[in-house]
Amino acid sequence: MNMANKNDKSRRRFLQKLGIAGASTVAGSALLLQGCSDSNKASGNKVKVLTADNKLVEVDVAHLKPGDKIQDLKYLQKRGREGIPGKKFVMVVDLAKCKNARKCMKACQSAHQLKPEMHHLNVLEMEDPVKKTSYWMPKTCQHCDNPPCVSVCPVDATFKRQDGIVLIDNERCIGCRFCVAACPYSARTFNWTEPKNSDKMADVTYDMELNVPQKKGTVTKCAFSADQLRHGKLPYCVSACPNGVYYFGDQNEDLVTNGTTKKTVRLSHLLEENAAYTLMPELGTQPSVYYLPPRESEG
Amino acid sequence: MNETIAKGHLSEEQIDKDLLKNVNWGGKFKLWMGFLTVSLIICLYYYYQQLQNGLGVTGLHDYVSWGIYISNFVFFVATSLIGMLVSSVLGMMKVEWVRPVARIAELVALAFAMVAGLIIITDMGRPDRLLNVFIHGRVQSPIVWDIAVVVTYVVISGLLLYIPMLPDIALCRDKLNNVPKWQQKMYRSLSLGWNNTAKQFRLMNRYTRMLLILIIPIALSIHTVTSWLFAMTLRSGWDSPIFGPYFVSGAFVAGCAAVIIAMFFFRNNYKLKEYITADHFDRMGKLLVLVALVYVYFNINEIIVPGYKANTADAKHVHEMLYGHDSVMFWLVQLGGLVIPFLLILFKPMRKPLPLTIIAVVILAGAWFKRVLIVVPTQLAPYYPIQNVPEGWTGYSPTTPEVAITVASFILVVMIITVLAKLFPVVPIWEVKEDMNHKNNK
Ligand code: SF4
Ligand code: SF4
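- If you look chain B up in an unreviewed UniProt entry, it shows as Polysulfide reductase from Marinifilum breve.
- Quoted verbatim from the Sequence similarities (unreviewed entry) heading of the UniProt record, the comment on chain B is "Belongs to the NrfD family."

- Under the annotation held in an unreviewed UniProt entry, chain A carries the name Hydrogenase and is attributed to Marinifilum breve.

Right under this line is the structure:
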């Protein structure tokens, strides 16, 4: 597919850049890019997959091919909870570049099977009270390091993984919406009615990293496209943006890649040089999403 | 000195007769239950709709994801707290006059606490996964604490109703020979072989006292924890350290009002004028003044303190309440549902049974809307603007199914109280007799 091709190219370019950045980081980055296929030896851990010609077969986890659709709920659940070792994913949003193209919102809604009024990612028009101007601000889940949504969940259906991503297990969620009330960023949305395409999605095995299929009566939100990260790709929104707004990467490596230009830069430099900030730091939620301030004035 | 029970002119036989009279299944009862059942079935039809189509049948949405279900839950938990105040606090302080109405207070408490648990289930997006709370329950979530204390409170209230009732159950067993077989059997097993020995009374009193002490911390925690559902979040308007005591004091107001209404109902329908006297209403009225006073004090704190600060998000929230689009409801609830009734019951004529009951109805209604004001407006003022969603999402109005399901919870409470009051005497017979003998001997 088109998108996969593009991503493959970007991956090569990303690797070249890493070569310059230094050999020590390459091993780590390769892990981001190759996801969990960490060894080619049989692991003894069998999962059910759907082959390209729609046959259900059992293969060893180590022999999974990128095109295989995993049909094994137990495996997906375990993998989804564990996350990707050694990573700490971060996003940087450059508000100065956002022109409200909303390609990110579209890509997000189609990937996660969301109805038009449901947003994992919402581009808001924000007023600047001092300068009396407005700017566009894409708002995702902030993947807080101290996430209030996680502490209030009564059943551990929303949780934080070792790679910093906050996910939802909609097989477990009881739909109490306590997390919705607790999230100060209004990052969560609820399946109030039967989700979009629910009849078509009925046979799809649930993958919490994509949070698809959506389920009636459960909560959903931005997952940093954990399913994409697993395959070494950038999140849906990040690669959909035409204006270079999004950077995404790993804080441990101190590298982030721009989704439009595919340029990889040092996270710490980017943040420092542009006076980056996080949303409502006074709440102590410690977001993993950084914002670079909007342009000074329009003209 | 104690005017509440009409002097010593009632014989023991007369008391037995009066107070056991209501334990029967008369035509009036059947009609009333029939009416309740039909109404309940209509309401349950809406719940069925909600199960089929999801919570989308309500007026809830991503920005007001807690609406009247949760408000109603908070209200029910509040009202149930009264059992603790009347039977425990006043009981232990040896306030004599509450004894004849203590059982009514406990009935109200038990019924509201039981139904509160069900309301939470109606608010769940996935009630089919209720068991997950027990399988995967995590102690750091206030919801888990809440469920734990609600269940404990129901159990202890039930025991507190049951144990002091043992002598009366035994009386039912001995005196009621024309009730159905199953009912006789029930009295026989429930009375646990009670035969009025001094030793049994000693045991009963010991256990009752233990429960009375036990229920105080539990009742307080049930309410405090419920308030934490809000206070533990980072939202302005909820994020308040005095939410606990604020909720508890409000609970006493709602509970007193509910007990007064129930007293009025039983007094008139069960012809208990000799036992639940005008003096009881007067004293309940005074109790209401006292608890309302404390509550008004917390209300002032909760509003003035953040309102005084100029530009914080909390201040914005308070200003919105005072002058903004919630202001009509706010002032109606504060003045109409609290301050004016409070001033009225300062006057003795207003504490007569009928006027006091009417005032109690107003207070109770005000208390209900007050809970909506606690739950809803905060959510309508999120930190980030509400955009790119349907227009209706900047407000909240409950739908018919939502209202019907809420009404169902009230019907259930009335049903539980009605049935229990038909199975057992609502005024503790042995305590009334004891009280009277005590007085006659003086
Ligand atoms: S932004 Fe909201 S949903 Fe996301 S981790 Fe933080 S509190 Fe949870
Ligand atoms: S709605 Fe689901 S994820 Fe959110 S707190 Fe309740 S159970 Fe947890």
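That covers the picture; the talk isn't over yet.
**Let's talk about the interface of chain B and chain A**
Part 1: Between chain B and chain A, the contact holds 41 residues from the first and 49 residues from the second.
Part 2: Buried area between chain B and chain A, summed over both chains or domains, comes out near 3700 Å², and the portion from carbon and sulfur atoms is 56%.
Part 3: Viewed at the interface, chain A and chain B are joined by two salt bridges.
Part 4: One salt bridge connects D156 of chain A with R138 of chain B, and the closest N-O pair in it is separated by 3.1 Å.
Part 5: Between chain B and chain A we count 28 residue pairs in polar contact (both at pLDDT 80 or more) in total.
Part 6: Those elements that place two or more of their residues in the side of chain B that touches chain A are helix 2 (27–53), helix 6 (132–135) and helix 7 (142–162) of chain B.
Part 7: In terms of residue class, the side of chain B that touches chain A is made up of 20 nonpolar, 15 polar and six charged.

**Notes on helix 9 (residues 181–190) of chain B**
Residues and elements named next belong to chain B.
Part 1: What helix 9 keeps buried is the set Q183, Q184, M186 and Y187. What you see down the axis of helix 9 is that its buried residues fit within an arc of 160 degrees, all on one side. Away from its buried face by more than 90 degrees, helix 9 exposes K181, K185 and S189.
Part 2: The inward-facing, buried residues of helix 9 contact helix 8 (166–175) and helix 16 (400–423).

**A look at the sheet that holds strand 14 (residues 289–292) of chain A**
All names here are of chain A.
Part 1: Spatially, 13-12-11-4-14 is the arrangement adopted by the five strands of the open sheet, whose pairing is mixed. With one partner strand each, in any of the chains shown, strand 13 (264–266) and strand 14 form the two edges of the open sheet. On average, adjacent strands in this sheet sit at an angle of 25 degrees to one another, irrespective of strand direction.

**Some details on the pairing of strand 5 (residues 122–128) of chain A**
All names here are of chain A.
Part 1: Taken across its seven residues, strand 5 has five buried, putting it largely inside the fold.
Part 2: Taken together, the seven bridges between strand 5 and strand 6 (residues 133–139) define a ladder with antiparallel strand orientation. Opposite M126, over in strand 6, you have Y135 as the bridge partner.
Part 3: Where strand 5 folds back onto strand 6 in an antiparallel hairpin, the turn is made up of four residues, including K132, whose phi is positive at roughly 60 degrees.

**What to know about the packing of aromatic side chains**
Part 1: Tallying each qualifying case throughout the model produces 19 aromatic pairs over all chains.
Part 2: Residues F224 of chain A and F248 of chain A carry aromatic rings whose centres are separated by 5.0 Å and whose planes lie at 85 degrees to one another, so their mutual orientation is edge-to-face. Here the residue F224 of chain A occupies a position in the loop between strand 10 (219–221) and helix 7 (226–230), and F248 of chain A occupies one in strand 11 (residues 246–250), the gap between them amounting to 24 residues.
Part 3: Here a set of aromatic residues connected by ring pairs shows up, and it is made of F75, F76, F112 and F410 of chain B.
Part 4: Here the guanidinium or amino end of R177 of chain A rests over the ring plane of F190 of chain A, the centre of that ring lying 5.5 Å away.
Part 5: Its end group placed over the ring of Y206 of chain A, K215 of chain A keeps NZ or CZ at 4.0 Å from the ring centre.

**Some words on the nonpolar core**
Part 1: One finds Y153, Y187, F230, F266, I276 and V426 of chain B to be the most contacted residues of the largest nonpolar core, which totals 154 residues.
Part 2: For this core, the element with the highest residue contribution is helix 11 (residues 243–269) of chain B, accounting for 17 residues.
Part 3: Beyond its immediate stretch of four places on either side in the chain, F266 of chain B contacts I104, K271, L272, I276, I417, A421 and V426 of chain B.
Part 4: In this structure, L95, C108, A187 and C237 of chain A belong to the second largest nonpolar core, which totals 44 residues.

The rules behind the values
- Residues numbered from 1 in each chain as written.
- Chains lettered and ligands numbered in written order.
- Predicted model: local features only at pLDDT ≥ 70, side-chain atom pairs only at ≥ 80, totals over all residues.
- Heavy atoms only, no water.
- UniProt positions renumbered as here; feature names shortened; annotations may be inferred.
- Contact = heavy atoms within 4.5 Å.
- Buried area = accessible area lost by both parts, 1.4 Å probe.
- Salt bridge = Lys/Arg side-chain N within 4 Å of Asp/Glu carboxyl O.
- Polar contact = N/O pair within 3.5 Å; in protein donor to acceptor, adjacent residues only side chain to side chain.
- Helix = DSSP H or I, 4+ residues; strand = E, 2+ residues; numbered from the N terminus.
- Nonpolar A, V, L, I, M, F, W, Y, C, P; charged D, E, K, R; others polar.
- Buried < 20%, exposed > 50% of the residue type's maximum accessible area, 1.4 Å probe, protein only.
- Arc of directions from axis to C-beta.
- Pairing = 2+ DSSP bridges.
- Axes fitted to C-alpha atoms, helices over the stretch in contact; angles between N-to-C directions.
- Phe/Tyr/Trp six-rings, centres within 6.5 Å; stacked < 30°, edge-to-face > 60°.
- Lys NZ or Arg CZ within 6 Å of the ring centre and 35° of its normal.
- Core = buried A, V, L, I, M, F, W, Y, C linked by side-chain atoms within 4.5 Å.

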